[in-house]
Amino acid sequence: MPSPPNQARRRGTTSASDAAGALSPDVLFDVLLRFPAKDLCRLRAVCRGWRSLTSDPLFIRAHAARHRSPLLVARFRDDGDGDGAHVHVVDLSGSVVKRIAVGAGPDRQLLCTNLDLACLVTRWNDCLVLDPATAATHALPTHPVLGDPNCEELYKPATYFAFGRAPATGEYKVLRMFNRHEPYSSDTVQLFDVFVFTINGGGNARWRVRSRDFFVEARSAVVVGGAVYFLMNGEYYPKKRATVNSGIPPDYVASLDIETEEWRRELQGPISGSLDTNDADDRKEYISLWYQLALGELKGALVLANHRGCQFILDLWFLIDFEKGLWVKEYIIETESIVQSPSREYRMKPLLVLDDGRLVIYVELTGRLLICDPETDTCTFVEIRQLDSIAIYTGSLLSLPRR
């Protein structure tokens, strides 16, 4: 009796074997496994057997294990060919694996997620979830939260989003944030609501309010594990500009638990506490932190990236214990070879650690991708068109529509 894996290989492969002549199901399995996903998606049209084989979960898992090169979902700044906006699935060589039309309309940007789905948003309350494998799109409702007396403000600019997945339930959730000016006042408040998203559009999900009395820097949002993390925003807290006297350090971190939809305690960052604001040099560095910090995820951990642009140094701090607030600086990367001039505006967002230990980093200002090698202390640009926004794709392009 054949082993279970061989049985799984042979399911639905009778016509596939016929199409391949003398190839046995096991040999055909191993041959097709060598093709990249881009080619397999076309080869599925050969016959029902090949489509069945390459759609089998066992084959998809085996293919993902063999083809471990990461894929990215990208929007390019020069994507204006007249037939609507596109999203591209690309590899780290810069090659386009798949091109997906997402239609004309608002100028959507990708959230920097690490999921098998992608999320495109605008500041005008527009949110579109995309399945790169099937090209299916799901537009989220734009209606405001029920009972909000100033709900019309949702339709004005300054709306931001974060997109993540609850580890325990597998639910996808969208967090929407918007700033609202109080009527007849110079005050501004920041509101939050959560939408539970189902891939098939079913269920009774709706926006649910999750407000808070402080301001976060909504554009800094990153999802790690089961939480959305934000840098704090010193511009509105407490109604002062970002200075050493604004009441909150620039590397302070807020977080929302995706599962419970509850805010967690704030987290002190690893940098500002060591600076003496009475010292002129430390005070200058403290203020510069507002412009040079970014959050990211590496190896499943929250990372605080501090690009000291005037010194051409990128520090990567890893949060290793949330309860104790313990950070460790794991990387110090020289950037002089790739940064054109000393500037505090070169924020750098860490994206990936490759199997060989090299780091993939996104430079938002220039729309470029870097690959940095900590062993040789060198950085090189990826040969790719100028990026508008980017996300990491963890799914398989061989996946079929979900039910």
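Scroll up for the structure.
What you see is a predicted model; the values in this text were computed from it and never measured. (Residues numbered from 1 in each chain as written. Predicted model: local features only at pLDDT ≥ 70, side-chain atom pairs only at ≥ 80, totals over all residues. Heavy atoms only, no water.)

Visitor: So what's going on with the overall build of the protein? Which residues, and what values?
Guide: For the protein, the helix and strand inventory stands at seven helices and 25 strands. Per-residue burial over the protein gives 50% buried out of 403 residues. Long-range contacts, defined here as pairs at least 24 residues apart, represent 49% of the contacts in the protein between residues at least 6 apart. Accessible area for the protein stands at about 19300 Å²; split by element, carbon and sulfur atoms hold 50% of it. (Helix = DSSP H or I, 4+ residues; strand = E, 2+ residues; numbered from the N terminus. Buried < 20%, exposed > 50% of the residue type's maximum accessible area, 1.4 Å probe, protein only. Contact = heavy atoms within 4.5 Å. Areas by Shrake-Rupley, 256 points an atom, 1.4 Å probe, with all protein chains shown as cover.)

Visitor: Account for the packing of helix 3 (residues 25-32) against helix 5 (residues 48-55), with residues named and values stated.
Guide: In contact at an axis separation of 11 Å, helix 3 and helix 5 are set at 65° when each is read in the N-to-C sense. In terms of axis orientation, helix 3 runs roughly perpendicular to helix 5. Where helix 3 crosses over helix 5, the two elements pack in a sense that is right-handed. Across from L28, F29 and L32 in helix 3, the residues of helix 5 making contact are W50, L53 and T54. Split by residue class, the contact of helix 3 with helix 5 holds five nonpolar, one polar and no charged. (Axes fitted to C-alpha atoms, helices over the stretch in contact; angles between N-to-C directions. Parallel < 35°, antiparallel > 145°, perpendicular 65-115°, else oblique. Left-handed = near helix turned anticlockwise from the far one by under 90°. Nonpolar A, V, L, I, M, F, W, Y, C, P; charged D, E, K, R; others polar.)

Visitor: Tell me about the side chain of H86, and name the residues and values.
Guide: Here H86 lies in strand 2 (residues 85-91). Of the polar contacts made by the side chain of H86, one reaches the side chain of R99; its length is 3.4 Å. (Polar contact = N/O pair within 3.5 Å; in protein donor to acceptor, adjacent residues only side chain to side chain.)

Visitor: Tell me about a nonpolar patch on the surface, and please be specific about residues and values.
Guide: A cluster of nonpolar side chains, V27, V31 and F35, forms an exposed patch at the surface whose accessible area comes to about 200 Å². Structurally, F35 can be placed in the loop between helix 3 and helix 4 (37-43). (Patch = residues over 30% accessible without salt bridge, like charges linked within 9 Å, V, L, I, M, F, W, Y side chains within 5 Å. Salt bridge = Lys/Arg side-chain N within 4 Å of Asp/Glu carboxyl O.)

Visitor: Any chance you could break down the environment of G225 for me, citing the residues and the numbers?
Guide: By secondary structure assignment, the location of G225 is in the loop between strand 13 (216-224) and strand 14 (227-232). Along the backbone, G225 and E297 are 72 residues apart, and their C-alpha atoms lie at a distance of 9.3 Å. Apart from residues no more than four positions distant in its own chain, G225 is found in contact with R165, P167 and I258.

Visitor: If you had to explain the packing of aromatic side chains to someone new, which residues and values would you point to?
Guide: Across all of its chains, the model carries five aromatic pairs by this definition. Taking the centre distance of 5.9 Å and the plane angle of 20° together, the rings of F163 and Y172 count as stacked. Exposure remark for F163: the relative accessible area of 2% places this residue in the buried category. Between F192 and W263, the aromatic rings sit 4.9 Å apart at their centres with planes inclined by 75°, giving edge-to-face as the arrangement. (Phe/Tyr/Trp six-rings, centres within 6.5 Å; stacked < 30°, edge-to-face > 60°.)

Visitor: I'd like a rundown of unusual backbone geometry, residues and numbers included.
Guide: Non-glycine residue A135 carries a positive phi angle of around 70°. Relative to the elements of secondary structure, A135 occurs in the loop between strand 7 (127-131) and strand 8 (136-139). On the basis of relative accessibility, which here comes to 33%, the residue A135 falls in the partly exposed class. Even without a glycine there, the phi angle at F312 is positive, about 55°. Structurally, the position occupied by F312 is in the loop between strand 18 (301-308) and strand 19 (313-321).

Visitor: A description of the sheet that holds strand 13 should follow, citing residues and the corresponding values.
Guide: The four strands lie next to each other as 13-14-15-16, forming an open sheet whose pairing is antiparallel. The sheet is open, and its two edges are formed by strand 13 and strand 16 (262-263), each paired on a single side. Judged from the two bridges that link them, strand 15 (residues 253-257) and strand 16 form a sheet pairing that is antiparallel. Counted as the bridge partner of L256 is W263 from strand 16. (Pairing = 2+ DSSP bridges.)

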